Amino acid sequence: MIGSELRSGLVRLAREEMIDFSRIWDPLPIHLHDAVGVEAGFGGITASGTYLMAVKHRLIYDFNLQHSVIASFGYDEVRFHAPGQAGDQLYLRLRWIEKRISKSRPGTGIAKHHCELTREDGVVLLSLYDTILMRCRQDHAAHAP
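**Student:** Explain the pattern of salt bridges to me, please; I cannot follow it from the model alone.
**Tutor:** Oppositely charged side chains can form a pair if their charged atoms are brought close together. Using the criterion set out here, one finds five salt bridges in the structure. Ionic pairing is found between Arg-93 and Glu-5, a salt bridge with its closest N-O pair at 3.9 Å. Remark: Glu-5 occurs in strand 1 (residues 5–7) and Arg-93 occurs in strand 4 (residues 89–101); sequence separation between them is 88 residues. Relative accessible area serves as the criterion here: at 24%, Arg-93 is assigned to the partly exposed category. Note that Arg-23 and Asp-20 form a salt bridge whose closest N and O atoms lie 3.1 Å from each other. Placement of both Arg-23 and Asp-20 in helix 1 (residues 15–25) is noted, with a separation of three residues, approximately one turn of the helix. With a relative accessible area of 40%, Asp-20 lands in the partly exposed category. Connected through shared salt-bridge partners, Glu-5, Arg-93 and Glu-116 make up one network.

Structural data, given as structure tokens:
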């Protein structure tokens, strides 16, 4: 598990979905108006960082972890490296970096992974670390102290 890597399928950023999301949750002009994005040197609107986090979270489900994950303890070192734009094809890469059996919750463990939301051409748009509480597989739970 430690050092293993998972990669999701591709998802395309849809312009209208980006705008609809931003109208409600992050109405900065650069997320809504092409002229502002052009003026900023991006050629048009950019995806909200909150929207990119939602895309990352949705792509986690490609890994079929939802039956094991109980809760997230929080994200660390969230970084936005490049803007997301309409039409971008993105995938999520997840690498497990730590795990341990929980001392206070029998049958559970704490795992940490690093995620990168990446454009099809290899440009990383978003990266973060996430520490999560997970159910242990039966074979591991039986050996927990």
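There is more to say, and it comes next.
**Student:** Explain the environment of Phe-80 here, please?
**Tutor:** Topologically, Phe-80 is positioned in strand 3 (residues 69–80). The exposure class assigned to Phe-80 is partly exposed, which follows from its relative accessible area of 47%. Separated by 50 residues in the primary sequence, Phe-80 and Ile-30 have C-alpha atoms spaced 15 Å apart. Leaving out residues up to four positions away in the same chain, Phe-80 has contacts with Gly-49, Met-53, Leu-125 and Leu-126.

**Student:** Before we go on, may I ask you to explain the packing of aromatic side chains in this structure?
**Tutor:** Think of a pair of aromatic rings as described by two things: how far the centres are apart, and how the planes are tilted against each other in angle. For the coordinates displayed, the defined rule picks out one aromatic pair. For the ring pair Phe-21 and Tyr-51, a centre distance of 5.4 Å and an interplane angle of 65 degrees mean the geometry is edge-to-face. Remark: Tyr-51 occurs in helix 3 (residues 49–60) and Phe-21 occurs in helix 1; sequence separation between them is 30 residues. Directly above the ring of Tyr-91 sits Arg-7, whose terminal nitrogen or CZ lies 3.5 Å from the centroid.

**Student:** Sorry, what's going on with the layout of surface pockets here?
**Tutor:** Leftover empty space is mapped by rolling, across the atoms, a probe with the size of a water molecule. For the largest pocket, the calculated volume is near 340 Å³. Taken together, 15 residues form the lining of the largest pocket, with Met-1, Lys-99, Arg-135, Cys-136 and Arg-137 sitting closest to its centre. Secondary-structure elements contributing two or more residues to the lining of the largest pocket are strand 4, strand 5 (108–119) and strand 6 (124–135). Broken down by element, the lining of the largest pocket gets its largest block of residues, four residues, from strand 4. For the lining of the largest pocket, a count of residues per class yields eight nonpolar, three polar and four charged. When contributions to the lining of the second largest pocket are tallied by element, the ones reaching two or more residues are helix 3, strand 3 and strand 6.

**Student:** What should I look at first to understand unusual backbone geometry in this one?
**Tutor:** Trans peptide bonds make up the majority, and among non-glycine residues the majority have a negative phi. One non-glycine residue with positive phi stands out, namely Asn-64, at about 60 degrees. Counting through the fold element by element, Asn-64 comes out in the loop between helix 3 and strand 3.

**Student:** Which parts of the structure should I look at to understand the environment of Arg-105?
**Tutor:** Note that Arg-105 resides in the loop between strand 4 and strand 5. Remark: the alpha-carbon pair of Arg-105 and Arg-135, spanning 30 residues in sequence, is separated by 9.7 Å.

**Student:** Before we go on, may I ask you to explain the pairing of strand 6 in this structure?
**Tutor:** Consecutive side chains of a regular strand alternate in pointing toward one face of the sheet and then the other. Most of strand 6 sits out of view: 10 of its 12 residues are buried. Pairing between strand 3 and strand 6: eight bridges, direction antiparallel. Residue pairing in the sheet places Arg-79 in a bridge with Ser-127 of strand 6. One ladder, built from 11 bridges, connects strand 5 with strand 6; its direction is antiparallel. Among the inter-strand pairings, Cys-115 is bridged to a residue of strand 6, identified as Leu-128. Adjacent in sequence and paired antiparallel, strand 5 and strand 6 are bridged by four residues, among which Gly-122 carries a positive phi angle near 95 degrees.

The rules behind each value
Residues numbered from 1 in each chain as written. Predicted model: local features only at pLDDT ≥ 70, side-chain atom pairs only at ≥ 80, totals over all residues. Heavy atoms only, no water. Salt bridge = Lys/Arg side-chain N within 4 Å of Asp/Glu carboxyl O. Helix = DSSP H or I, 4+ residues; strand = E, 2+ residues; numbered from the N terminus. Buried < 20%, exposed > 50% of the residue type's maximum accessible area, 1.4 Å probe, protein only. Contact = heavy atoms within 4.5 Å. Phe/Tyr/Trp six-rings, centres within 6.5 Å; stacked < 30°, edge-to-face > 60°. Lys NZ or Arg CZ within 6 Å of the ring centre and 35° of its normal. 1 Å grid on protein atoms, 1.4 Å probe; cavity = no way out; pocket = protein on both sides within 12 Å on 5 of 7 lines; lining within 4 Å. Points joined across faces, edges and corners; volume = space filled by probe spheres on them. Nonpolar A, V, L, I, M, F, W, Y, C, P; charged D, E, K, R; others polar. Pairing = 2+ DSSP bridges.

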